[in-house]
Structure formats: C-alpha cells, structure tokens
Amino acid sequence: METPIIEVIGLEKAFGDHMVLKGISMTVYPKEVVVVIGPSGSGKSTLLRCLNRLNEPTNGKILFQGYDIMSPDIDINVVRSQMNMVFQNFNLFMHLSVKKNVTLALTSVKKITQEEADRIADETLLKVGLTEKADAYPGQLSGGQQQRVAIARALAMDPKVILFDEPTSALDPELIGEVLDVMKKLAESGMTMVVVTHEMGFAREMADRVIFMDEGVIAESGPPEEIFTNPKNERTRIFLKRILKEIEDMDPLKPKYETPELAPEAEGVKAAEEGYKWSQEHKEPDEQKRWLGFKFLKRDKKK
Amino acid sequence: MNLDWSVIGENFNYLMAGAELTIIISILSIFLGFVGGIFIGMCRISKNPLIYYPSTAYVEAFRGTPLLIQIFLVYLGLSSFNIQLSAWDAGILALSLNSAAYQSEIFRGGIQSIPKGQMEAARSMGLTYNQSMFKVIIPQALRNALPPYTNEFCTMIKDSSLVSAISVMELTWSAKNVISVTFQPFVVYIFIAFLYFLMTFVTTRFMRYLEKRYAIPGMMGAE
Ligand SMILES: Nc1ncnc2c1ncn2[C@@H]1O[C@H](COP(=O)(O)OP(=O)(O)OP(=O)(O)O)[C@@H](O)[C@H]1O
Ligand SMILES: [Mg+2]
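An account of the accompanying structure is given in this report. Fair warning: this is a prediction, and the values are worked out from it, not measured in the lab.

Conventions and cut-offs
By convention here, each chain's residues receive numbers from 1 onward along its written sequence. Whichever chain is written first becomes A and whichever ligand is written first becomes 1, with later ones labelled in order. In keeping with the model being predicted, local features are shown solely for residues with a pLDDT of at least 70 and side-chain atom pairs are shown and tallied solely at 80 or more, while totals for entire chains, interfaces and linings include all residues. Think of the side-chain values as coming from all heavy atoms in the structure, minus any hydrogens and water. The numbering of helices and of strands both runs from the N terminus, where a helix is a DSSP run of H or I of at least 4 residues and a strand a run of E of at least 2. Exposure is judged per residue with a 1.4 Å probe applied to protein chains only, and the accessible area is read against the type maximum: over 50% gives exposed, under 20% gives buried, and values in between give partly exposed. Contacts are assigned to residue pairs with any non-hydrogen atoms lying within 4.5 Å of each other. Exposure was quantified through the Shrake-Rupley algorithm and a 1.4 Å probe, taking into account, for residues, occlusion by the shown protein chains and nothing else. Pairs of strands are assigned from DSSP output, requiring at least two bridges between the strands. Only the stretch in contact is used when a helix axis is fitted, and all axes are lines through C-alpha atoms; the angle between N-to-C directions ranges over 0 to 180 degrees. If even one non-hydrogen atom of a residue comes within 4 Å of a molecule or strand, that residue is called near it. What qualifies as a polar contact is a pair of N or O atoms within 3.5 Å, subject to a donor-acceptor requirement within protein and to the restriction that residues adjacent in sequence count only when both atoms come from side chains. Any residue outside Ala, Val, Leu, Ile, Met, Phe, Trp, Tyr, Cys, Pro, Asp, Glu, Lys and Arg is labelled polar, Gly included; the first ten of those are nonpolar and the last four are charged. Salt bridges, as used here, are contacts in which a Lys or Arg side-chain nitrogen is within 4 Å of a carboxyl oxygen on Asp or Glu. Any residue with relative accessible area above 30% and no salt bridge may belong to a patch, with like charges joined within 9 Å and the nonpolar Val, Leu, Ile, Met, Phe, Trp and Tyr side chains within 5 Å.

Examining the overall build of chain A
- Along chain A, the regular secondary structure elements total twelve helices and ten strands.
- Looking at the 303 residues of chain A, the share that counts as buried comes to 57%.
- Expressed as a percentage of contacts within chain A between residues at least 6 apart in sequence, the contacts between residues at least 24 apart total 68%.
- About 12,700 Å² of surface is accessible on chain A, with carbon and sulfur atoms providing 49% of the total.

Okay, here's the thing in structure tokens:
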C-alpha cells in the first residue's frame, strides 16, 4: 500500500471550551480528490486549518507523508510549503503583481532564484489561463481570476497536496465555472486535493471520496455515488435533500426530474418535506450562488 | 504700531541658520521616531505579556505627559543620575522618544488594518512570521499609514520649537534672540511662522507624492 499523504488520527480541536472537532480520523492517498461537505459550523474549515496547523490541534495526530507534523523536530514551514491552501477569500497579496504573488514563496521559502521562479510562474499562470495578467495587480482582477491566481500560487510550489476551503463560495455565480474548471484540470492531472465545498456537481464528478461532516465528527464517508444516491446516515440524507431541493427549486430552466444525472437525488427531494422547509429558511444569496455554480458545471459537462 | 520689516533682511542669515538646525532636528527625530515606532509597534502587537505591557506603558507615558516636561526631564532630570547630555542631544532624544510613541501607534494601526487573511496566506505557504511581516504585512501597512504619518511628521516639525526652552539654537530660539535686540516680535514671529509653514507644506507635498507613487493598482487611492 502507498504511504498516505495525510493521515489524521483522533483529531480534536477546541476553541476555549467549545469542542469543534471531536475525534476525526481520515486518510488521504496520493492523487486522491477528497471532498468534504457538511452544514455550516460543522468544523470543515477548522479541520482543514488543523491539517497545516494554521489552527493548533488540541489532541490527536496528523501525519504528513508519514511524519508527525506536531513533533518538535518537524519544521512546520517546510510542511506548509508542500501542503498549500486555497482560501474562500483568495487572500492574494494585494501589493504584489500577479507574478510576484506566485514567486514570493518560491524565492523566500524554497530559495529558488528569481529567474527560475519567474519561469515557474509563467508556466503555472499558463495552466490557469492567466498569462496575460502576469503584471496586473490582484485588485484589478475579477474574483474568478483572483482565485485562479491563488490556485497558481499554490500550484507553483509543486505541493504534495492542495487544501481548498470553499474556493468558489465568495464568487459571483458567473465566475464559479472558470474556477471549477481549473480545479477539474488539476484533479485530472493527478494532484492530490482536499476540497471543502458546497458544489455538489464538483463533488459528484471529481471526488474519489466524499466525507460528510456533522457537528465535529465524520458522519459518513464513501465514494460519491454511494453518498449521493444511497446515504446511510440520516443527517447526510437531510443535508443532501436540503441542498438538492434548493437546486430543483431555483432552477427555472431545468424541468423537474428530467435531467438524468439529477434523478436519483430528485427522488429523495420529492419526499423531503423537512429538507424543503430548511431550504426555505436558508435561501440566502450565498446559497443561490452555490447552486448556480452547480448548473454551470453541468452545462459544461454536456458540451 | 511700527512694523520694521527690514529686521528680517538684517538678520536673515542668522534666522536661516536657525531654520537649518530646525530642519536637521526634525529630520533626525522623525527618522529615529520612525525606527523606534516600528520596534515599539511590533512589541505592542506581541502576545508575550513581558513585551506587550512594557511597550504599552511606554506609549501611555509619552502620550499622557507634556512634551515640554519630557524635554526638561531628559535634559535636566537625567543629570540627577549623573547623565549629562548636551542640550542638542537631549532635545533630539526627547523628541525622538516622544515621536516613537506616537509613530508606534500609527504603525500598529497600519498593521491592524491589514486583513488577517494576508498573514494566514503567507504562513500557509511556509513563510516564517518575520518573512510574512516584512514581505507581506508591513509593505501594505506602511502604505495605509501614510496619511497619519504625514500628520505626525508635521507635528514633529512644529513641536521641535519646544527645544528652544533648553536653548537649542534652532529657529524659535534664534527668533527670540533677534526679538530681544530688535523689539519687533510681530515681524519676526510672523516670518518664522511662515518658515515653519513652508517646512510642513513641503512635507505634506512629499508625503502626498509617496502616497501616489506607492499606491497599489486596483486599490482605493490608485488611479
Ligand atoms: N478562531 C475561532 N475561535 C473560536 N471559535 C471558532 C474559531 N474558528 C471557528 N470557530 C467555531 O468553530 C465552529 C466550526 O467552524 P468552521 O469554520 O470550522 O465551520 P465550517 O464547517 O467551515 O462552516 P462554514 O460552512 O460556515 O464555513 C463554529 O462554531 C465556529 O464558530
Ligand atoms: Mg468554513
């Protein structure tokens, strides 16, 4: 068996006396795309941020390529340079050009020369389709372009794994597709990815494994077909029904249940009275954006 | 009332020598205050209480007492401990210590105006705390802090006149001397007021230039 890239054993995280992660164990193998879903506040971001110790775990073990990253012998900065993160709000360095954003960690962490770093930057910017924006500043780019730069910035480090924390949640609906496209390409190229997202389309299509988190524990995990069509956990079912019900409700273009890919969930949707009520209370612009991204992805797929 | 403007011409070189010293004192104490301010400002955002509390006490002490008393304390007070500074050194030291306190607050404000996602992104790529600070946070913080720095620099230029109280031979002290022999207080004071104004005016223009020069494209304030 291959060495896992990430192995989490009994991870616990408390903020004060508020227990947010209550014993998480999971493994991420090379080239795997693991999608983490779950209701707001269930601890998805906290889990991701514990993996690179942006949040300090309270208890448990995290192994990165077999090394305990909590051990005092480990230089966490070296770990982080190989386990990059893409944030919901992009967090690009606003005072640096796109190219400098990509090269900063190359020159200051990996100690690569500026010329070599520039070459790598050109290469990665080409991959995310932003070659012509190399000299622009983040403030001059759309959200979708900024997030693609953030992905390039992570990718340029040649990481073993990239962690994505809701990479499309802050985007205008029409910009979600371009970011998901880049992520799909990345996944197809064999990048190991842990993705927290509400984009069920991406999860269904790209995930090797879907993890459903609820109240600080992994309530269920398995291949997407299983989780989406035949969830075993009651909470998973309600969560999916809510999200997918919204998709149905909000789609003015798609006649109900006629899209084959949606049919299995649509079944469940019909019956989901409680899920429906939930969605009524939670129809915020944010949720609508997520849904539109789903639609975008589906269309892309058909082409 | 007899205003004799010729006294300016007659004492022009003498007054200009004072103005020159004022400029030197101002530049030195602004610069030392800037460096000290960054140091104290970094201490003020430290989580270590042994660093945080002393630096906070420093700022409170210098902000809460009159600058003139601080000057007297450094010049005359220290001599009680057998530390005898020249008026010139004591004046610059007192002004710098005072300005460092104010500039540390400006610096801290600049740092805290940067969204914490910037630090997180830098750290998540493997940059150390210091690298993140000097390559990501501080360059943005200083840009944001340029307007309040401009205020503080102008204040320093004007407040440097207080060291005339310990007979540093700068502009205000020279003016008093000229007045004591010419008996033309209005003429002389209006003239040096104009000189102080020139100095602050040049300073604000220069800072305005820096703001434009270092404006971040695509951000507020840039064209
Ligand atoms: N720095 C912090 N200090 C205190 N509490 C925190 C902190 N960060 C997160 N929490 C709490 O931890 C819980 C889980 O938060 P987390 O951000 O991990 O949820 P999430 O699953 O990512 O939710 P969302 O979908 O809204 O992003 C929440 O109750 C939150 O209030
Ligand atoms: Mg989150």
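Considering the sheet that holds strand β5 (residues 67-68) of chain A
Residue and element names in this part refer to chain A.
- One open sheet accounts for four strands, arranged β2-β1-β4-β5; its pairing is antiparallel. Of all strands in the sheet, those bounded by a partner on one side alone are β2 (18-28) and β5.
- In this structure, strand β1 (residues 6-15) lies alongside strand β4 (residues 59-64), joined through five bridges in antiparallel fashion. Each bridged residue has a counterpart across the sheet, and for Val8 the counterpart in β4 is Ile62.
- Helix α1 (residues 44-51) contacts β1, β2 and β4 of the sheet and is inclined by roughly 120 degrees relative to β1.

Considerations on the site of ligand 1
Residues and elements named next belong to chain A.
- Contacts to ligand 1 come from 13 residues, most closely from Ser40, Gly41, Lys44, Ser45 and Thr46.
- Ser42 places a polar main-chain atom, nitrogen or oxygen, 3.2 Å from an oxygen atom of ligand 1.
- For the shell around ligand 1, the secondary structure elements donating two or more residues are β2 and α1.
- Here the shell around ligand 1 takes three residues from α1, the largest share from any one element.
- Here the residues of the shell around ligand 1 sort into three nonpolar, eight polar and two charged.

Quick look at the sheet that holds strand β6 (residues 83-86) of chain A
All names here are of chain A.
- Pairing is mixed in the open sheet, where six strands are placed in the order β6-β7-β8-β3-β9-β10. Since the sheet does not close on itself, it has two edges, and those belong to β6 and β10 (217-222), each with one partner. Taking the axes of each pair of neighbouring strands and ignoring which way they run, one obtains an average angle of 20 degrees across the sheet.
- In this sheet, strand β7 (residues 161-165) lies alongside β6 in parallel orientation, the contact comprising four bridges. Residue pairing for β7: Met83 is matched across the bridge by Val161.
- Sitting on the sheet, helix α5 (residues 143-155) is in contact with β6 and β7, with an inclination near 175 degrees to β6.

As for the pattern of salt bridges
Residues and elements named next belong to chain A.
- Here the structure, examined in full by the defined rule, presents 17 salt bridges over all chains.
- Among the salt bridges present, the one from Arg53 reaches Glu56, with a minimum N-O distance of 2.7 Å.
- Residue classification places Arg53 among the buried positions, given a relative accessible area of 19%.
- Glu56 gets classed as partly exposed once you look at its relative accessible area, which sits at 39%.
- Arg235 serves as the salt-bridge partner of Asp214, at 3.0 Å between the closest nitrogen and oxygen.

Side note on a nonpolar patch on the surface
Residues and elements named next belong to chain B.
- On the surface, a nonpolar cluster with roughly 420 Å² of combined accessible area is contributed by Ile24, Leu28, Phe31, Leu32 and Val35.
- Within the secondary structure, Val35 sits in helix α2 (residues 12-44).
- In this structure Val35 comes out as partly exposed when scored by relative accessible area, which is 44%.

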